[in-house]
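# Chains, contacts and geometry: an overview
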Amino acid sequence: MKTLARWAPGLGTLRRYEGAWLRPDLIAGVVLAAILVPQGMAYAELAGLPPVIGLYTTIACLVAYAVFGPSKVLVLGPDSSVSPLILAAITPLLVTGDPESAIALAGMLAVLVGVIMIGLGLAKLGFVADLLSSEVRVGYLNGLAVTIIVGQLPKLFGFSTDADGFVDEVRQFLRNVDRTNRATLVTGLCVLAVLLVLPRLTTIVPAVLVAVVGATIASAVFDLAASDVTTVGVLPRGVPAPSLPFTSWSDVVPLLVGAVGTTMVSLADTIATSSGFAARHNEEVDANQEMVGIGTANIAAGFFQGFAVSVSGSRTAVADQAGAKSQVTGLVGAGLVAALLLFLNGLLADLPQTALAAVVITAALSLMDLGALRRYASIRPSSLVISLVAAAGVILLGVLQGIVVAIVLAVLLFFRRNWWPHGAVLGEVPELGGWHSVTEHPSATQLPDIVVFRWEAPLFFANAGQFRDQVRRLVREQHPGWVVLQCEAVTDIDVTAAEVLRDLDEEVNAAGVHLAFVEMRDRLQSLVCLLYTSDAADDLLCVDLGGRRIIKKKKHITNISPYITSQQIYNASHTLPLTIHYTD
C-alpha cells in the first residue's frame, strides 16, 4: 500500500476519502465543467486543432492526474501559454492541412512532454522549473500574450489570413480589415465585454459560462449563421479509444525541441500555482511528484488524441472557490464533459467561432503583467531590459524561438550575476547602526589605513579574476595597510579561487598590504587553511580571536600587540566584533 501511495498518491487520497467531501466536490465539479468545455475548445483551436480535441484532452488529463497527482485541488487542462507552443511545433511538420496529421503530431508532442517530465521527476530535478527567472518569464508571457491577441484578431473580425510570423500577421490583418463581417465582430466584442466586465461585478457565476451560453443562444435565436457567422457545428459523438500517436521517426527530433520548451513553460506554471494553493491549505508541495503526475497526464492526453497540458491557475481557483476538497472534483468535471460528447454533442453547434476567439483573447490578457514591468523599472532597470528582450524574442522570432531566447537569457543572467557580482567598500554609518556601502552612503566613515571590502557571491573560477582585479584597484587607489575581506556572502570557495587568493596575498604583501578574512563560514575556514597555502602549510596561521578566525601568514604576525582593537565591522544586518592583533 505504501508503494501504491508513493507512485499513485491520488489513489491514496481516494482510500482516505471522507463522506463529508462528496457534496462540495460534486458542486465544484459541476461549476468546473462549465468552464472546461469552452476553454478546452478555444485552446484547441489556438493549438491549430479541431475544438473537440480540447475536450478529449480535458477528460484524459483530469482522470490521469486524479490517480498520479499529489495535489488535491490542482486542475489540469489545455492552457493558453502552452497551446501556441504546440502550434509552433507541429505546423512546420504538416505537409498539408490534414487535421489527422496535426492531431497525431500533437499527441506525439504530448507524450514526449510527459516522458521528459516523468524523467525529471524521478531524477528529482524539480529545480529546473527555476531556470526561468521572474523577469524572463514575465517577458516571455507578455510577448506570448501579444502574439496570441494579434493571431486571434482575424477570427474575431470574421475573416481569415494566411500569414507567417508576427509582422506578417499584423500586415495581413490591416490589409484585409475591410473584409470584416459586422455580425461576427459585434458578437465577438459582446462576448469579450462580458468576459472582461462580469468578473469585476461578481464571481458567483463564471463569466465564460455566461458569455458562451449567451452567444450560443443569440446565434440560434437570430440565426447568425445566415449572416455568415461561422459556428462550431455538431461535435463528433463519443470519446476516442486509446492509441499510440505516431507519424514518422523523422518528426521526433523537431518535436523534441518543442517538448523541451513546453516542459519549461508548464513546469514554471505548475510549481508556482501548486505552491500558492498548497500554502492556502497548509500543505507541502512535492515538486518531483508533481512532475510525475503532470507527465502522466500529458501521456494520457497523447494516447487519447489530445495535446500537451499544464496546470491552470484560473480553473484551479474556480474549483477551490467552489469548495473542492479532492481530485473527485476533476473526475466529476471529466465525467460531465464525457457525457456532453456522448449524449449532447449538438448542444454547442450554434456557438460562434468568434466567441472562442474572445475567450482566447481574454486568456491572453490575463497572461500579461505590465505592473511587473513598472516594478522592474523602479527597482532594477536591467531587469526591465531583460524582460523586454524576452518579450521581443517571442514577438519577432516566434514562440518556440522565443522560449529558447528566454531560457538563454535566464542562464546568461545567472552566470552574469555570479561572474560579475557586486562588491562594495564598507564604512561606518552611525545613524543607521552599522557599516554600509560607501557608494550608497558617501558620508560613511572608514577606518584609517584599512579597507573593508564585501564580496557578494561564491568565489570560484569564473569570478576569481574579477575579485582579484577589484582588490588590486582598491590597493592601488587607497594604499591601505590592511584589506579586510567581509565574507558573509561567500558561500563557497573552489580550488582555483583559493589559488588566486594565495597569489593575490603574495602580490599585495610585496607592496606592504595584508589580507584578512572575517565572517567566513566555518566549513570554509578549514578549506582555506588547507588550500590557501597548500604548498606552504607551515607558513600559515589560523588565529581564532573572539570566536572568529582570522587567517593570516605567520611571517606577518611577529607578536601580539594591538593595532586594531575592538573595532566593530558590520554589514547591513549583522554585527561582528573584529579584533586584529599584529605588528610588522
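Details of the structure are given in the entry above.
All values derive from a computational prediction rather than experimental measurement. (Residues numbered from 1 in each chain as written. Predicted model: local features only at pLDDT ≥ 70, side-chain atom pairs only at ≥ 80, totals over all residues. Heavy atoms only, no water.)

When helices and strands are counted, the chain shows 21 helices and 11 strands. For the chain, the residues scored as buried account for 53% of the 584 residues in total. If you take every contact in the chain between residues at least 6 apart in sequence, the share linking residues at least 24 apart comes to 77%. With the model as given, the accessible surface of the chain reaches about 25,900 Å², and the carbon-plus-sulfur share is 61%. (Helix = DSSP H or I, 4+ residues; strand = E, 2+ residues; numbered from the N terminus. Buried < 20%, exposed > 50% of the residue type's maximum accessible area, 1.4 Å probe, protein only. Contact = heavy atoms within 4.5 Å. Areas by Shrake-Rupley, 256 points an atom, 1.4 Å probe, with all protein chains shown as cover.)

Extensive coverage of strand β5 (residues 450-455) is indicated by the burial of 6 of its 6 residues. Bridge count between β5 and strand β6 (residues 482-486): 5 bridges; the pairing is parallel. Among the inter-strand pairings, V452 is bridged to a residue of β6, identified as V484. This β-α-β element, β5 to helix α19 (residues 464-478) to β6, shows right-handed connectivity. (Pairing = 2+ DSSP bridges. Right-handed = clockwise from strand over helix to strand, strands pointing away.)

The first and last C-alpha atoms of helix α15 (residues 353-367) sit 22 Å apart over 15 residues, in line with the 21 Å expected at 1.5 Å per residue. By the criterion of burial, α15 is predominantly enclosed, with 13 of the 15 residues buried. (Expected span 1.5 Å × (residues − 1).)

Let us now look at unusual backbone geometry. Although it is not a glycine, D228 adopts a positive phi angle of roughly 65°. Although it is not a glycine, Q305 sits at a positive phi angle of roughly 60°. You can see Q305 is positioned in the loop between α12 (287-303) and β2 (310-311). Judged by its relative accessible area of 29%, Q305 is partly exposed.

Attention now moves to the layout of surface pockets. By volume, the largest pocket amounts to about 1,400 Å³. Around the largest pocket sit 42 residues that line it, and L87, T91, G151, A163 and E169 are the ones nearest its centre. Of all the elements, helix α7 (residues 134-157) adds the most residues to the lining of the largest pocket, at 7 residues. Partitioned by chemical class, the residues of the lining of the largest pocket number 21 nonpolar, 15 polar and 6 charged. Considering only enclosed or pocket space, the second largest pocket measures out at about 1,100 Å³ in volume. Residue lining of the second largest pocket: 37 residues in total, with Q39, G313, S314, R315 and S366 positioned closest to the centre. (1 Å grid on protein atoms, 1.4 Å probe; cavity = no way out; pocket = protein on both sides within 12 Å on 5 of 7 lines; lining within 4 Å. Points joined across faces, edges and corners; volume = space filled by probe spheres on them. Nonpolar A, V, L, I, M, F, W, Y, C, P; charged D, E, K, R; others polar.)

Taken in spatial order, the 5 strands make up an open sheet running β4-β3-β5-β6-β7, and their pairing is mixed. Because the sheet does not close on itself, it has two edges, and the strands there are β4 (434-437) and β7 (514-518). The mean inter-strand angle of the sheet, taken between neighbouring strand axes irrespective of direction, is 35°. Against the sheet, α19 engages β3 (423-429), β5, β6 and β7, with an angle of about 160° to β5. (Axes fitted to C-alpha atoms, helices over the stretch in contact; angles between N-to-C directions.)

Moving on, we get to helix α5 (residues 83-90). Burial analysis of α5 places 6 of its 8 residues in the buried class, which makes it a mostly covered element. Turning to α5, its buried residues number three or more, namely S83, P84, L85, I86, A89 and I90.

Turning next to the environment of T180. Its place among the elements puts T180 in the loop between α8 (166-176) and α9 (182-201). Here T180 falls in the partly exposed class, since its relative accessible area comes to 22%. Separated by 21 residues in the primary sequence, T180 and F159 place their C-alpha atoms 6.3 Å from one another. If we skip the residues at most four places from it in the chain, T180 touches F157, F159 and L185. Separated by 2.5 Å, the side chain of T180 and the backbone oxygen of V177 make a polar contact. (Polar contact = N/O pair within 3.5 Å; in protein donor to acceptor, adjacent residues only side chain to side chain.)

A few words now on the pattern of salt bridges. All told, the structure shown has 8 salt bridges when counted by the stated rule. A salt bridge links E456 to R454; the nearest nitrogen and oxygen atoms lie 2.9 Å apart. Judged by its relative accessible area of 32%, E456 is partly exposed. A salt bridge links R468 to D469; its shortest N-O distance comes to 3.8 Å. Using a relative accessible area of 40% as the deciding quantity, one classes D469 as partly exposed. Among the charged side chains, a salt-bridge network with shared partners connects R468, D469, R472 and E507. (Salt bridge = Lys/Arg side-chain N within 4 Å of Asp/Glu carboxyl O.)

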